[in-house]
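Each chain, letter by letter, is given below.
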Amino acid sequence: MKKYLLAAAALTLLSGSAMAQTVLTVNIEPATTWVRNFNPFNQTSSRQSTLDFIYEPLVVFNRFDSNKPVYRLAESFKLSDDLKSIDFKLRPNLKWSDGKPLTAADVKFTYDYLKKFPALDFVSIWTFITDVQAVDGQTVRFTLANPSSLAAEQISQLPIVPEHVWKDVADPVTFANETPVGSGPLTEVPRFTGQTYDQCRNPNYWDNEHLKVDCMRFPQLADNNQMLTATADGTLDWGVSFIPDIDNVYVSKDPAHFHYWYSPSSMVAFLFNLETANENNKKAFNDLKFRRAVSMALDRKTMIDVAGYGYPTLNEDPGLMGELYKSWADPSVKADFGKFATYDADAAKALLDEAGYKDKDGDGFRDNPDGSKISFSIIVPSAWTDWIDTVNLAVEGMQAVGIDAKIETPEEAVWTGNLINGSFDAAINSLPASASPYYPYKRAFSASDKGKTRFTAQRWFNPEVEKRVTEFTHTADLAKQKDAMNKAQRIVAENMPVIPVFNNPNWYQYNTKRFTGWSTKENPFVNPSISRTNPARLLNLLALEPVK
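Predicted, not measured: the structure shown is a model, and the values here were computed from it. (Residues numbered from 1 in each chain as written. Predicted model: local features only at pLDDT ≥ 70, side-chain atom pairs only at ≥ 80, totals over all residues. Heavy atoms only, no water.)

## Topic: the overall build of the protein
Short version of the rule: Comment: elements are numbered from the N terminus, with helices defined as DSSP H or I runs of at least four residues and strands as E runs of at least two. Every radius of gyration here is taken over C-alpha atoms, with the globule rule written as 2.2 Å times N^0.38, N being the number of residues. Burial classes: relative accessible area under 20% of the type maximum marks a residue as buried, over 50% as exposed, and values in between as partly exposed (1.4 Å probe, protein chains only). Only heavy atoms matter for contacts: two residues are in contact if any of them lie within 4.5 Å across the pair.
Helices and strands together make up the secondary structure of the protein, namely 16 helices and 21 strands. The C-alpha atoms of the protein give 24 Å as radius of gyration, which agrees with the globular expectation for 548 residues (24 Å, within 12%). Taken along the three principal axes of its C-alpha coordinates, the protein extends 75 × 55 × 45 Å. Out of the 548 residues in the protein, the part that is buried amounts to 58%. Partitioning the intrachain contacts of the protein with sequence separation of at least 6 by distance along the chain shows that 69% fall at a separation of at least 24.

As structure tokens, then:
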């Protein structure tokens, strides 16, 4: 029996100390050095272990179990019959990690705080609600801007923070929150260096009975290659990285303990910044024929086979449904517009010719119809090797039809920041998977989210799409929801604001040598990815137990 023993045998966790017993070693994000930032509202530079593990959601909706609610800080919620308000009831006797009570007043404070500091509101919740009230110490009532059957899911996306800490923060946007006071299972940070940090047990966690992991350890790993090494040598217990030829380079090292499970997940797409500061590029990017031609220049199958080692799933659906949401796809949309999301270099050239994009200065690349030069870089995180290979293939395809495209590889935090603040020309990006296409549409095409999240990076908004997406929430009738989504996906397919290429697998590697209880293909009780876009990662953590 082999255990991770940081201290002798004591089970007692001394507050704020590193005397933990069982340590789960994981990787969520690449980084060249760790920066101590646990601000749960920060979308770029905070540690990706902050949400869920330090700040627990009210409710987690389990996509792998018909989207059933798994109650966390809340013990129940009740939506009014007219879908215009919702009450959340908190569990009794909740405490923050510093021992102070966590009450409905903290929930109200958090949402009022987001209204006061809209830069923190990364899902634009105040376009969804109009009021929040603490009914009593355990009950919070939200009044909705419009009737919505999805109110609980929308509201549960945001972290709840302690009023007694955050009310005195002068600038919450830049606040690093280095010593967090949280509600989740692992709130204490006894060790933090540029090379590693630990998050350890919350001494006041309401669900400590089910928490069998004392600490999570995050070794600094700069890119996929370093993650591969740490995964293959057994250092990591839980990983989320792309590993090429995984059966040979990982599983074969220890078939009894090294495992992976890849299920269809987030949609990967190329996009142009329709508001780029480069006026020449902007002309081309805002031309639908140019976007369609670029889409037809992309060899998606080769991207999957070469860059993705066959793991991703082809997505040639201009309405963005793909394999993940195929039950929501309107076949007539793909019939009408599918050719623009299918590789056909000759058709791409013909469309560019027809639209007047020709090489007018003799440099070998096409120019705008007015003769101005088109030249841009596609940004991709420097550590994401599979995406880098994908972008290189895209650049080859674009150059083959006469478009002057290049690749640029900033660090992930810079890439994210550029997508949010709009300082880029073109990019590869992804939209997180969810139980229905409502959420990716909501996140990608809500004008109120511009400048707050990387998911609106293309800066394409359409009032009719937003109207249909809102309609989706006005009813729980599946037929009416499908009708709304059919209309929305047709508009998106007609306009091609993003160019889908494939759906990533749900990257997930796990090591059973030291911990058991993992969600697996044979027992898929929850989405197992440790990605920060998956709140259900909390449930996978709580299912783990040390091997005895």
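## With respect to unusual backbone geometry
Among all residues except glycine, the phi angle is most often negative; among peptide bonds, the trans geometry is most common. One non-glycine residue, Ser66, lies in positive phi territory at about 55°. Of note, Ser66 is situated in the loop between strand 2 (59-62) and strand 3 (68-71). Look at Ser66 and you get exposed, because its relative accessible area is 66%. Of note, the phi angle at Arg459 is positive, near 60°, even though the residue is not glycine.

## A word on the sheet that holds strand 14 (residues 313-314)
Operational definition: For two strands to be treated as a pair, DSSP must find no fewer than two bridges joining them. Here, axes are lines fitted to C-alpha atoms. For helices the fit covers the stretch in contact, and angles between N-to-C directions go from 0 to 180 degrees.
The strand order across the open sheet formed by 6 strands is 14-18-13-17-15-16, and the pairing between neighbours is mixed. The open sheet is flanked by strand 14 and strand 16 (405-408), the only strands paired with a single partner. Looking at chain direction, strand 13 (residues 264-272) and strand 18 (residues 498-505) are connected through 6 bridges and run antiparallel. Note on strand 18: the bridge partner recorded for Met267 is Asn503. Of the strands in this sheet, strand 13, strand 14 and strand 18 are in contact with helix 8 (residues 300-307), which crosses strand 18 at around 30°. Taken strand by strand, helix 12 (residues 412-421) contacts strand 15 (376-379) and strand 17 (426-431), and its axis lies near 95° from that of strand 17.

## Examining helix 8
Rule in force here: The directions from the helix axis to the C-beta atoms form the arc being described.
Residues Arg300, Met303, Ile304 and Ala307 constitute the buried set of helix 8. Each buried residue of helix 8 sits inside an arc of 110° when the element is viewed along its axis, so together they form one side. Phi turns positive, to about 50°, at Tyr309, one or two residues after helix 8.

## Details of the layout of surface pockets
As a reminder, the rule being used: A pocket, in this scheme, is an open set of points on a 1 Å grid over the protein atoms alone with protein on both sides within 12 Å along at least 5 of 7 lines, while a cavity is a set where a 1.4 Å probe fits but cannot get out; residues line either one if an atom lies within 4 Å of a point. Grid points are joined across faces, edges and corners, and a volume is the space filled by probe spheres set on the points. Amino acids outside the nonpolar list (Ala, Val, Leu, Ile, Met, Phe, Trp, Tyr, Cys, Pro) and the charged list (Asp, Glu, Lys, Arg) are all regarded as polar, and Gly is one of them.
Its boundaries defined by the atoms lining it, the largest pocket holds a volume of some 300 Å³. Taken together, 21 residues make up the lining of the largest pocket; nearest its centre are Pro30, Ala31, Arg47, Glu411 and Ala413. Residue composition of the lining of the largest pocket, grouped by class: 6 nonpolar, 9 polar and 6 charged.

## Topic: the packing of aromatic side chains
Put simply, the test is: Stacked, tilted and edge-to-face are the three classes applied to pairs of Phe, Tyr and Trp rings, where Trp contributes its six-membered ring and a pair requires centres within 6.5 Å; stacked means planes under 30 degrees apart, edge-to-face means over 60, and tilted covers the rest.
Here the structure, examined in full by the defined rule, presents 42 aromatic pairs. Judged by centre distance (6.0 Å) and plane angle (85°), the rings of Phe38 and Phe192 are edge-to-face. Placement of Phe38 in the loop between strand 1 (23-25) and strand 2 and of Phe192 in strand 8 (residues 186-192) is noted, with a sequence separation of 154 residues between them. Like Phe192, Phe38 is buried. Site record: aromatic cluster; members linked through ring pairs are Phe41, Phe109, Tyr113, Phe117, Trp166 and Phe175.

## Quick notes on the nonpolar core
For clarity, the cut-off: As used here, the term nonpolar core means buried Ala, Val, Leu, Ile, Met, Phe, Trp, Tyr and Cys residues forming a set that is joined through side-chain atoms within 4.5 Å.
Counting residues in hydrophobic clusters, the biggest one holds 77 residues, and the most contacted among them are Leu24, Tyr111, Ile125, Phe142 and Ile155. With 6 residues, helix 1 (residues 104-116) is the single largest residue contributor to this core. Setting aside its immediate chain neighbours within four residues, Phe142 contacts Lys84, Ser85, Ile86, Phe88, Val107, Tyr111, Ile129, Asp131, Val132 and Ile155.

## What to know about the pattern of salt bridges
The cut-off we apply is this: Basic side-chain nitrogens of Lys or Arg form a salt bridge, by our definition, when they fall within 4 Å of a carboxyl oxygen of Asp or Glu.
Inspection of every chain in the model, using the stated rule, returns 27 salt bridges. One salt bridge in this structure joins Lys89 and Glu75, with 3.7 Å as the shortest N-O distance. Taken as a pair, Lys89 in strand 5 (residues 85-90) and Glu75 in strand 4 (residues 74-79) lie far apart in primary sequence, 14 residues in all. Using a relative accessible area of 35% as the deciding quantity, one classes Lys89 as partly exposed. Taking relative accessible area as the criterion, Glu75 reaches 31% and is therefore assigned partly exposed. Put simply, Asp363, Lys373, Asp404 and Lys406 are held in one network by salt bridges that share partners.

## Looking at the side chain of Arg201
Convention followed: Here a polar contact is recorded for every N or O atom pair within 3.5 Å, except that within protein the pair must consist of a potential hydrogen donor and a potential acceptor, and residues adjacent in sequence are included only if both atoms are side-chain atoms.
Its place among the elements puts Arg201 in strand 9 (residues 196-201). Note on Arg201: relative accessible area 13%, which makes it buried. Polar contacts involving the side chain of Arg201 include one to the side chain of Asn208, which spans 2.8 Å.

## Overview of the sheet that holds strand 4
For sheets, the rule is that strands pair by backbone hydrogen bonds, running either parallel or antiparallel. Strands sit in the order 4-5-7-6 across an open sheet of 4 strands; the sheet is antiparallel. Each having just a single partner strand, strand 4 and strand 6 (129-134) make up the two edges of the open sheet. Taking the axes of each pair of neighbouring strands and ignoring which way they run, one obtains an average angle of 15° across the sheet. Pairing of strand 4 with strand 5, which is carried by 5 bridges, proceeds in the antiparallel orientation. Paired with Ser76 across the bridge in strand 5 is Lys89. Most of the contacts of helix 1 go to strand 6, to which it runs at about 155°, and overall it touches strand 5, strand 6 and strand 7 (139-144).

## Re the UniProt feature "domain: Solute-binding protein family" (unreviewed entry) in the protein
For clarity, the cut-off: UniProt positions are given in the numbering used here, feature names are shortened, and annotations may be inferred rather than shown by experiment.
Look at the UniProt record and you will see "domain: Solute-binding protein family" (unreviewed entry) annotated at residues 68-448. When the span residues 68-448 is considered, its composition is 29% helix and 20% strand, and the gap between its end C-alpha atoms is 28 Å.

## Considerations on the pairing of strand 16
Here strand 15 pairs with strand 16 via 4 bridges, running parallel. By the bridge assignment, Ser377 is partnered in strand 16 with Lys406.

## Observations regarding empty space enclosed by the protein
By rolling a water-sized probe across the atoms, one finds the places where empty space is left. This structure, assessed with the given rule, holds 6 cavities of 30 Å³ or more. Of the pockets and cavities examined, the second largest cavity occupies roughly 80 Å³. Lining the second largest cavity are 13 residues, with Met267, Leu320, Tyr325, Leu431 and Pro440 sitting closest to its centre. Listing elements by their share of the lining of the second largest cavity, those giving two or more residues are strand 13 and helix 13 (438-445). A breakdown of the residues in the lining of the second largest cavity according to their chemical character gives 10 nonpolar, 3 polar and no charged.

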